[in-house]
Amino acid sequence: MPEPSLRELLEVATEAALAGGRRTLEYFNTGVAVELKADRTPVTRADRESEAIIREVIGKRYPTHAILGEEQGETAGSAPVRWIVDPLDGTKSFVQGVPLYGTLVGVEVRGEPSVGVIYLPALDEIVAAASGEGCQWNGRPARVSTVTDLAQALVCCSDERHARERSGAYLDLAGRTRLQRTWGDCYAYVLVATGRAEVAVDPMMNLWDCAALAPIIREAGGHFTDWQGRDTIHAPEAVATNAALHAAVIDVLRTG
């Protein structure tokens, strides 16, 4: 079987994200039961059923591809393609009844993050990208903002408490920017990719949190790195910026 094109992978990733995300809406604001996993993070039936649906969509098209999901772990494959899935990014927001959560489907091709889809089910927004194909927001081109002055930037952070505990870098960054908000999880990165925020920063990330974000931010014209400025989805933290502010943001985060 020939290797699928990135455009084909993007089509399937979009189908999978939409299907999984729509399942979460069946449980949103319904009082769904919440369990705690071994790492003390919450999980619900919405998380698990969303991932199962996503895996089914992918498996039907590409039975030889590997899949790594937050809830079901990794299924090995024989192709040079790995799907990396977060079926419900922002479970804490979800169980609180806040609509700023998303379903993430990323694709690595030969180890490179090449396709990403973020679907925000409660907002019915979708942002999708593939390397060399650009970034689309609800079917129209998405681009990062053109702000060049850090003092005019909006910075978003999912967890300010952990960011402050990690070092003084976050408070330093907040003090240098115009506006700070905790519109977090994948929603913050959607805001950066669509030019509505300049910086999204997280002190704690997992691979399934990052895999879909990197292609989206890069194809929208921005930067997605760790706090040292390295292009990677394998770091325990992440920052996304528009094109102009990355160096200034990294200078703050690196030395904080």
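Structure shown above.
Calculation notes
Residues numbered from 1 in each chain as written. Predicted model: local features only at pLDDT ≥ 70, side-chain atom pairs only at ≥ 80, totals over all residues. Heavy atoms only, no water. Helix = DSSP H or I, 4+ residues; strand = E, 2+ residues; numbered from the N terminus. Expected span 1.5 Å × (residues − 1). Buried < 20%, exposed > 50% of the residue type's maximum accessible area, 1.4 Å probe, protein only. Polar contact = N/O pair within 3.5 Å; in protein donor to acceptor, adjacent residues only side chain to side chain. Pairing = 2+ DSSP bridges. Axes fitted to C-alpha atoms, helices over the stretch in contact; angles between N-to-C directions. Lys, Arg positive; Asp, Glu negative; His and termini not counted. Salt bridge = Lys/Arg side-chain N within 4 Å of Asp/Glu carboxyl O. Contact = heavy atoms within 4.5 Å.

Q: Can you break down helix H2 (residues 45-61) residue by residue, with the values?
A: Compared with the 24 Å implied by 1.5 Å per residue over 17 residues, the 25 Å span of H2 between its first and last C-alpha is a close match. Residues of H2 that are buried: Ala46, Asp47, Glu49, Ser50, Glu51, Ile53, Ile54, Arg55, Val57 and Ile58. For H2, the N-terminal capping position is held by threonine 44, with its side-chain oxygen 3.1 Å away from the main-chain nitrogen of alanine 46.

Q: Help me get a handle on the sheet that holds strand S12 (residues 179-181), residues and values and all.
A: If you trace the five strands from one edge of the open sheet to the other, you get S12-S11-S13-S15-S14, paired in mixed fashion. Strands with a single pairing partner mark the edges of an open sheet, and in this sheet they are S12 and strand S14 (223-225). Between one strand axis and the next, the sheet turns through 15° on average, direction left out of account. Sheet topology note: the strand S11 (residues 154-157)/S12 ladder contains three bridges and is parallel. From the neighbouring strand, valine 155 faces S12, where its bridge partner is glutamine 180.

Q: Provide a residue-level description of the side chain of aspartate 47, including the pertinent values.
A: Mapped onto the elements of the fold, aspartate 47 is located in helix H2. Within the buried core, aspartate 47 has no salt-bridge partner, and the shortest N-O distance to an opposite charge, that of lysine 37, equals 6.1 Å. Within polar-contact distance, the side chain of aspartate 47 engages the side chain of threonine 91 at 2.7 Å. Not counting the four nearest positions on each side in its chain, aspartate 47 is found in contact with Glu71, Pro87, Leu88 and Thr91.

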